[in-house]
Amino acid sequence: MKVIHNIEDFKTDKPVWLTQGTFDGVHIGHQKILKEVVSEAKEHNGLSVLLTFYPHPRLVLNTYDNNLKLLNSIEEKARYIEQLGIDYMIIMPFTKELSRMHAAEFVRNVLVEKLQLAKLIIGYDHRFGRNREGGLEQMKTYAETFGFSVEEIAAQDIEESIVSSTKIRKALLEGEITTANKYLGKPYAIVGKVVEGHKKGTEIGYPTANIQLESSYKLIPIYGVYAVWVYLENKKFGGMLNIGLNPTFKEKDWSVEVHIFDFNEDIYNKQIRIELIEHTRPEIKFEDIKELIKQLGEDERVIKEILRL
């Protein structure tokens, strides 16, 4: 997959099958759309293209809203998209000027003239243009005018619940990791660099890798302990993750840290990827270190059972 940051750099003499949107999480609904784009483009000897936007529109339009957290960094999104077989991912800078562009202008100037659009495949709730004024019926009108076709993909649902990035965020913040993973079609992942911590884990026999997150806008689930898979340099390990303030210790700095089972190597400054499998308990303040160590032993037993280690 080729990633393009300037739409002017996109050149092709092949017809383009396109979808567009933020695609935060690349959940099973997104995957359904993207797979259809890939399949139809191959069938017609065309190119499959995703047009996405960065920064997220809400970060540009609501500059005072500090509550937005995303399921993916742009780097994570690119990795997921590539796995689905898309030929090109075009990352269009989202600006206030772009947000003011009327729907007809966006279709003509961007989709038709710059991308040579043959077919647009969109989700059931797709909106575009200034103030999100454009919808499916309007897009069908533009398709007739400019000579491309458009197809709407029905909502993906699980157990009669329509999948959305908003529902996934809510599930993660409530500790419903298995639900979030079901909607995502994959485990929710945290990516970052291993940095030095207070080494309290080492002192009590449970050394941890402290994670500096890849993106400041990454959504971090509810505080507590998690069963996780850890990926380091293409190797996979089981582990238990803690998110929170470590209330039993005097140093109550917020942290994301993972104890990797059967592992004892120096991994400072290395990239680590953690896939969350299950939220096993909330964060607890213990009366003393002995009680904490006892609970960590029980956490390890429970998590190894979940991971079948």
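Remember, predicted model here, so these are calculated numbers, not experimental data. (Residues numbered from 1 in each chain as written. Predicted model: local features only at pLDDT ≥ 70, side-chain atom pairs only at ≥ 80, totals over all residues. Heavy atoms only, no water.)

Chemist: Mind laying out the overall build of the protein chain, listing which residues take part and the relevant values?
Modeler: When helices and strands are tallied, the protein chain shows 10 helices and 14 strands. Taken along its principal axes, the extent of the C-alpha atoms in the protein chain is 75 × 40 × 40 Å. In the protein chain, which comprises 309 residues, the share counted as buried stands at 50%. In the protein chain, 74% of the contacts between residues at least 6 apart in sequence involve partners at least 24 apart. Working note: accessible area of the protein chain is about 15900 Å², and carbon and sulfur atoms make up 47% of it. (Helix = DSSP H or I, 4+ residues; strand = E, 2+ residues; numbered from the N terminus. Buried < 20%, exposed > 50% of the residue type's maximum accessible area, 1.4 Å probe, protein only. Contact = heavy atoms within 4.5 Å. Areas by Shrake-Rupley, 256 points an atom, 1.4 Å probe, with all protein chains shown as cover.)

Chemist: Please provide a residue-by-residue account of the sheet that holds strand E14 (residues 271-281), values included.
Modeler: Taken in spatial order, the 6 strands close into a barrel running E9-E10-E13-E12-E11-E14, and their pairing is antiparallel. Along the sheet, successive strands turn relative to each other by an average axial angle of 45°, direction set aside. Here 9 bridges tie strand E11 (residues 224-232) to strand E12 (residues 235-244), and the two strands are oriented antiparallel to one another. Each bridged residue has a counterpart across the sheet, and for Ala 227 the counterpart in E12 is Met 240. Packing against the sheet, helix H8 (residues 177-184) makes contact with strand E9 (188-195), E11 and E14, and its axis sits at approximately 125° to E14. (Pairing = 2+ DSSP bridges. Axes fitted to C-alpha atoms, helices over the stretch in contact; angles between N-to-C directions.)

Chemist: Can you explain empty space enclosed by the protein? Please cite residues and give values.
Modeler: Following the criterion strictly, the structure yields 2 cavities of 30 Å³ or more and no others. Here the largest cavity defines a volume of roughly 50 Å³. Gly 25, Leu 71, Asn 72, Glu 76, Tyr 80, Leu 184, Lys 186, Pro 187, Tyr 188, Ala 189 and Lys 218 are the residues that line the largest cavity. Among the elements of the structure, helix H3 (74-83) and E9 are those that each provide at least two residues to the lining of the largest cavity. Residue classes in the lining of the largest cavity are distributed as 6 nonpolar, 2 polar and 3 charged. (1 Å grid on protein atoms, 1.4 Å probe; cavity = no way out; pocket = protein on both sides within 12 Å on 5 of 7 lines; lining within 4 Å. Points joined across faces, edges and corners; volume = space filled by probe spheres on them. Nonpolar A, V, L, I, M, F, W, Y, C, P; charged D, E, K, R; others polar.)

Chemist: Can you break down the sheet that holds strand E5 (residues 117-123) residue by residue, with the values?
Modeler: Here we have 6 strands laid out as an open sheet, ordered E1-E4-E3-E2-E5-E6, and parallel in their pairing. In this open sheet, the two edge strands, each paired with only one partner strand, are strand E1 (2-4) and strand E6 (149-153). Along the sheet, successive strands turn relative to each other by an average axial angle of 25°, direction set aside. In this sheet, E5 lies alongside strand E2 (residues 16-20) in parallel orientation, the contact comprising 3 bridges. Following the sheet pairing, Val 16 is matched in E5 by Leu 117. Across the face of the sheet, helix H5 (residues 103-112) comes into contact with E2, strand E3 (47-54), strand E4 (88-93) and E5 while running at roughly 125° to E3. In this fold helix H6 (residues 136-146) packs onto E5 and E6, with an angle of close to 160° to the strand it touches most, E6.

Chemist: Report on helix H1 (residues 28-43), specifying residues and quantitative values.
Modeler: Taking 1.5 Å per residue as the helical rise, H1 with its 16 residues ought to reach 22 Å, and the 22 Å between its terminal C-alpha atoms agrees with that figure. Inspection of H1 places Ile 28, Gly 29, His 30, Gln 31, Ile 33, Leu 34, Val 37, Val 38, Glu 40 and Ala 41 among the buried residues, and these make up the whole buried set. (Expected span 1.5 Å × (residues − 1).)

Chemist: Hey, could you go over the side chain of Thr 19 for me, with residue numbers and the actual values?
Modeler: Mapped onto the secondary structure, Thr 19 falls in strand E2. When neighbours within four sequence positions are excluded, Thr 19 is seen to be in contact with Ile 33, Leu 34, Val 37, Val 49, Leu 50, Leu 51, Leu 120, Ile 121 and Ile 122.

Chemist: With reference to specific residues and values, describe the pairing of E3.
Modeler: Looking along a regular strand, one sees the side chains alternate between the two faces of the sheet. Judged by how many residues are buried, E3 sits mostly within the fold: 7 of 8 residues are covered. Here E2 runs beside E3; their pairing, made up of 5 bridges, is parallel. Bridging from a neighbouring strand, Leu 18 pairs with Val 49 of E3. Chirality of the crossover, the property in question, places the unit of E2, H1 and E3 among those that are right-handed. One ladder, built from 6 bridges, connects E3 with E4; its direction is parallel. Each residue of the ladder has a partner; that of Val 49, found in E4, is Tyr 88. (Right-handed = clockwise from strand over helix to strand, strands pointing away.)

Chemist: Let's hear about the packing of aromatic side chains: which residues, and what values?
Modeler: Evaluation of the coordinates by the stated rule reveals 3 aromatic pairs. Taken together, a centroid distance of 5.1 Å and an interplanar angle of 90° make the contact between Phe 10 and Tyr 88 edge-to-face. Taken together, the positions of Phe 10 in the loop between E1 and E2 and Tyr 88 in strand E4 put the pair 78 residues apart, joining distant regions of the chain. For the ring pair Phe 237 and Phe 263, a centre distance of 5.0 Å and an interplane angle of 70° mean the geometry is edge-to-face. Taken together, the residues span a long stretch of sequence, with Phe 237 in strand E12 and Phe 263 in the loop between strand E13 (255-260) and E14 at a distance of 26 residues. For the pair shown, Phe 237 and Phe 263 are each scored as buried. We note Lys 236 situated over the ring of Trp 229; from NZ or CZ to the ring centre the distance is 4.2 Å. In this arrangement the basic side chain of Lys 304 is found over the ring face of Phe 261, its NZ or CZ atom lying 5.0 Å from the centre. (Phe/Tyr/Trp six-rings, centres within 6.5 Å; stacked < 30°, edge-to-face > 60°. Lys NZ or Arg CZ within 6 Å of the ring centre and 35° of its normal.)

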